[in-house]
Amino acid sequence: MYVSVLGEGGRPSGPEQREATLEGLRSAHGFLQARVAGELRLKRTPALEFHYDDTTDRALRVDALIEEEMGR
């Protein structure tokens, strides 16, 4: 599962925020896995893995560049 992490005010997150978020998700892995299994009602559910997705960071950077260019 890919996860995006926003910083304060919708800004890109810092490395510490990203790692803390991923660590929290990994810590809650058993609970989340059980909830997904209960909702899907499958014999076997896929194992949850959490990975950081930087797509949001890149999109925010492009947006900032566009705003900067428009302001000139």
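Provided above is the structure to which this section pertains.
Scope of this entry: the structure provided in the associated data block. All values reported here derive from a predicted model rather than from experimental measurement.

Turning our eyes to something else, we now look at a nonpolar patch on the surface. A grouping of Val-62, Ile-66 and Met-70 is seen on the molecular surface, where their side chains present a nonpolar patch of about 320 Å² in accessible area. Residue position: Val-62 is located in helix H3 (residues 55–70).

Taking 1.5 Å per residue, 12 residues should reach 16 Å; helix H2 (residues 29–40) reaches 16 Å between its end C-alpha atoms and fits that length. Positive phi shows up at Arg-41, right after H2, with a value of about 55 degrees.

Our focus in this paragraph is the side chain of Gln-33. Looking at the secondary structure, you find Gln-33 in helix H2. Residue Gln-33 is classed as buried on the basis of its relative accessible area, which comes to 14%. Separated by 3.1 Å, the side chains of Gln-33 and Thr-45 make a polar contact.

Applying the stated criterion to the full structure yields 3 salt bridges. With a shortest N-O distance of 3.6 Å, Arg-18 and Asp-57 are connected by a salt bridge. With Arg-18 in helix H1 (residues 15–27) and Asp-57 in helix H3, this pair connects stretches of sequence that are 39 residues apart. Asp-57 carries the same exposure label as Arg-18, and that label is buried. Where Arg-58 meets Asp-54, a salt bridge forms, and the shortest distance between an N and an O atom there is 3.3 Å.

Inspection of the secondary structure puts Ser-13 in the loop between strand E1 (2–3) and H1. Here Val-5 takes part through its backbone oxygen, which lies 2.9 Å from a polar atom of the side chain of Ser-13. Not counting residues up to four positions away in its chain, the partners in contact with Ser-13 are Val-5, Leu-6, Gly-7, Arg-18, Tyr-52 and Asp-57.

Reading guide: rules and limits
Residues numbered from 1 in each chain as written. Predicted model: local features only at pLDDT ≥ 70, side-chain atom pairs only at ≥ 80, totals over all residues. Heavy atoms only, no water. Patch = residues over 30% accessible without salt bridge, like charges linked within 9 Å, V, L, I, M, F, W, Y side chains within 5 Å. Areas by Shrake-Rupley, 256 points an atom, 1.4 Å probe, with all protein chains shown as cover. Salt bridge = Lys/Arg side-chain N within 4 Å of Asp/Glu carboxyl O. Helix = DSSP H or I, 4+ residues; strand = E, 2+ residues; numbered from the N terminus. Expected span 1.5 Å × (residues − 1). Buried < 20%, exposed > 50% of the residue type's maximum accessible area, 1.4 Å probe, protein only. Polar contact = N/O pair within 3.5 Å; in protein donor to acceptor, adjacent residues only side chain to side chain. Contact = heavy atoms within 4.5 Å.

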